[in-house]
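Coordinate analysis (summary)
The chain contents come next:
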Amino acid sequence: MAELVLSARGMSRRFGGLYANRDVSLDMHKGMLHAVLGPNGAGKSTLINLLSGDLPPSAGQILYRGEDISGWSPDKRSRAGIGRSYQRTNIFPAFTVFENCRLAAQSRTPRALRIFSKAVAFPDLRDAADRAIEQAGLAERRDVVAATLSHGEQRQLEIAMVLATAPSVLLLDEPLAGMGPEESQSMVALLKKLTPDHAILLVEHDMDAVFAVADVITVMVTGQVLESGPPDQIRDSVAVQEAYLGEGEPDDE
Amino acid sequence: MPLPRNKTRNYLPLVLLVLALFPVFGSSYYNELIAKIMIMAIFALSLDLLVGFTGLVSFGHAAFFGAAAYSVVLLSPKYDPGNLWLVLPAAVLTGAAVAFVVGLFVLRTKGIYFIMVTLAFAQMIYFVFHDTPLGGGSDGAFLNVKPELRIGEKVLLDLNEPMQFYYIVLAFLVVAYVFLRVLLRSPLGHALAGIRSNEHRMQSLGFPVFLYKLASFVTAGGLAGLAGFLSACQYGFVTPEILSWHQSGNVLLMVILGGMGTLNGAAIGAFAFVVLQEVFSALTKHWQLLMGAVIVTVVMVLPGGLSSLPQRLKGLLIGGGNRNG
């Protein structure tokens, strides 16, 4: 079995009386892509927010390499190697693509006290940023101000920024949303390339993409895990089919 | 790059030259006025670090300025000149230390709450000096003899001497300006720009944003302390008014008037504000009415502040023009 990196144990999150996540347990292993499916409101984004620290859990544990990190702040989790991307593009719109990624790389070695050095002069940060830009397929747009990128390119930048932080865990919240077919294809190729060295959690509505890249699929409904297993098992699951067909079409918001 | 290139930077050597030569031609009245403007410019620069470069709209910046000014009076001997080696660092540290303590609390809030709690803390400090005998109560206190810089018996700098004082203020303005320019291009400066742009993402990328904001707050407090030190030395007395919310409001208006997030704007804003204050108060008792009208006009017509005027004019001349300067 591959190395267990991040796992949730009986994790719940309540908003008032409503459970956005209820008793969720899942494991992420290095070298495996774990996809999460489910209709809208199933609690997929909440799941990512809980793992990344954007939301504290109401109950349960989050274990990172065996350590309980449920109380850790998002920045501490990020520095420990848990990187995430956002469903709604969350970038620095006034900065160039390069500066977005350079700043992301800077978070690994902050050098806050080097106040007499130029931020853009550190070669290691420049390299890390350029590598991430290259990986996300944005090399030609390197010096463009992020706000002027197309929607799909901003989605690519979203990924590039996470990659620039050299994480060991990737929590990706609908990275393909809003991408054209070509961009989607290259993103799927990138995910495949990244999988061997990372533990990846992928929340995605694009079924074709999910079944093409996932090693494990977890299906969530109303905040709870309905079924979890290899793609073939999920494809043939009666419960999953009922959940999807019974609830109407899974729309993509 | 996160910081917009500022074309007016080319004029800086000229501005410096004018400031350096001004006392040769100016009368003592105008020398004093320009010195006051330069002190206010340091104060406004320190606030611009928060408002324009970190995205923290502080409405209590007078607290650091005022606390430092009071520290000068309290640390100087009654009838002898204070030691500049001691009094100046102490004033800057006072500003920074007050900012550190205040920052520990206020930086946990955001937006309108941040504005209100910075104001609340500044008011607390105002009333400490206003209502207790610590600094002479509501009458304030005199700095009978201004500090001097000695090495052994030799007096190198004497702040009682107006000409020396003028050039010391000018030197500190240059130091403060260059320091901030250097700081802003450093990793710390870029991180602050990131926090201003998108604090949430900065945290998710792994930056401990609270510490960064605290560093910015303390640095701004220290620089405001420098301005407070110079102000106490210029007038030779301090009153609780320098800690009042009017003072916090005025410096915020300077930054807005000149244009946030450019440094040059803060200095231009300080210049415009003090000059307008002089001109209007000579015209009428109700000068604040005129000042208000000017500020409303500038904010509406020039959203980027006075420092965006050259670019704006250029845009108009070439045609089309860009809206936000």
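Residues numbered from 1 in each chain as written. Chains lettered and ligands numbered in written order. Predicted model: local features only at pLDDT ≥ 70, side-chain atom pairs only at ≥ 80, totals over all residues.

Time to look at the overall build of chain A. Helix and strand content of chain A: nine helices and 10 strands. The C-alpha atoms of chain A give 18 Å as radius of gyration, which agrees with the globular expectation for 253 residues (18 Å, within 12%). Each principal axis of the C-alpha distribution contributes one length, and for chain A these read about 60 × 40 × 40 Å. Looking at the 253 residues of chain A, the share that counts as buried comes to 46%. A sequence separation of at least 24 residues applies to 69% of the contacts in chain A between residues at least 6 apart. (Helix = DSSP H or I, 4+ residues; strand = E, 2+ residues; numbered from the N terminus. Rg over C-alpha atoms; globule rule 2.2 N^0.38 Å. Buried ≥ 20, exposed ≤ 12 C-beta atoms within 10 Å, placed from the backbone. Contact = placed C-beta atoms within 7 Å.)

The next point concerns the overall build of chain B. In terms of regular secondary structure, chain B is built from 12 helices and four strands. The C-alpha radius of gyration of chain B comes to 20 Å, within 12% of the 20 Å expected for a compact globule of 325 residues. The proportion of buried residues among the 325 residues of chain B is 49%.

Turning next to the sheet that holds strand β6 (residues 82-85) of chain A. Residues and elements named next belong to chain A. In spatial order, the strands read β6-β7-β8-β3-β9-β10; together these six strands make up an open sheet with mixed pairing. At either margin of the open sheet sits one strand with a lone partner, and together these are β6 and β10 (224-229). For this sheet, the mean angle separating the axes of adjacent strands, direction not counted, is 15°. With four bridges joining them, strand β3 (residues 33-37) and strand β8 (residues 199-203) adopt parallel strand pairing. Bridge assignment links A35 to a residue of β8, and that residue is L202. The sheet contacts of helix α5 (residues 151-164) involve β6 and β7 (169-173), and relative to β6 the element is tilted by about 170°. (Pairing = 2+ DSSP bridges. Axes fitted to C-alpha atoms, helices over the stretch in contact; angles between N-to-C directions.)

Chain A puts 27 residues into the contact, and the matching count from chain B is 25 residues. Of all the elements in the fold, those that place two or more residues in the side of chain A that touches chain B are α2 (74-80) and α3 (97-106) of chain A. When the residues that make up the side of chain A that touches chain B are grouped by side-chain class, the tally is 13 nonpolar, seven polar and seven charged. (Nonpolar A, V, L, I, M, F, W, Y, C, P; charged D, E, K, R; others polar.)

Bringing the nonpolar core into the picture now. Among the nonpolar cores identified, the biggest contains 171 residues, and A:C101, A:A160, B:A41, B:I42, B:A44, B:F229 and B:A270 are the most heavily contacted of them. Here this core takes 15 residues from helix α2 (residues 28-51) of chain B, the largest share from any one element. Three or more residues apiece are contributed to this core by two domains, here domain 1 (1-81 + 167-253) and domain 2 (90-166) of chain A. Dropping the residues within four chain positions of it, A:C101 is found in contact with A:A129, A:A132, A:I133, A:A160, A:M161 and A:A164. (Core = buried A, V, L, I, M, F, W, Y, C linked by C-beta atoms within 7 Å. Domains from an automatic or database assignment.)

Moving on to the sheet that holds strand β4 (residues 59-64) of chain A. Residue and element names in this part refer to chain A. Across the sheet, four strands lie side by side as β2-β1-β4-β5; this open sheet has antiparallel pairing. The two strands at the open ends of the sheet, each matched to only one other strand, are β2 (18-29) and β5 (67-68). Across five bridges, strand β1 (residues 4-15) lies against β4 in antiparallel orientation. From the neighbouring strand, R9 faces β4, where its bridge partner is Q61.

With respect to the secondary-structure elements, B:A120 resides in helix α5 (residues 111-131). C-alpha separation for the pair B:A120 and B:G222, spaced 102 residues apart in sequence, amounts to 20 Å.

Residue A:D23 is not a glycine yet carries a positive backbone phi of 50°. Judged by local crowding, A:D23 falls into the partly exposed class, with 15 C-beta atoms found within 10 Å.

Turning our eyes to something else, we now look at the domain arrangement of chain A. All names here are of chain A. Domain parsing of chain A yields domain 1 (1-81 + 167-253) and domain 2 (90-166). The interface of domain 1 with domain 2 comprises 11 residues on the first partner and 12 residues on the second. When residues of the side of domain 1 that touches domain 2 are assigned to their parent elements, the largest contribution, three residues, is made by helix α6 (residues 181-194). Here the side of domain 1 that touches domain 2 is composed, by residue class, of six nonpolar, four polar and one charged.

Before going further, it helps to spend a moment on the environment of B:E199. All names here are of chain B. With respect to the element layout, E199 can be found in helix α7 (residues 187-204). When the 17 C-beta atoms within 10 Å are taken as the criterion, E199 is described as partly exposed. A sequence separation of 111 residues divides E199 from L88, and the C-alpha atoms of the two residues are 34 Å apart.

For the rest of this paragraph, the subject is the packing of α2(B) against helix α10 (residues 264-283) of chain B. Residue and element names in this part refer to chain B. The geometry of α2 relative to α10 is characterised by a closest axis approach of 8 Å and an angle of 135° between their N-to-C directions. Overall, the two elements α2 and α10 adopt an arrangement that is oblique. For the pair α2 and α10, the crossing hand works out as right-handed. When α2 is examined against α10, the residues L33, K36, I37, M40, A41, A44, L45 and D48 are found in contact with a partner set consisting of A266, A267, G269, A270, F271, V274 and E278. Among the residues forming the contact of α2 with α10, the class breakdown is 11 nonpolar, one polar and three charged. (Parallel < 35°, antiparallel > 145°, perpendicular 65-115°, else oblique. Left-handed = near helix turned anticlockwise from the far one by under 90°.)

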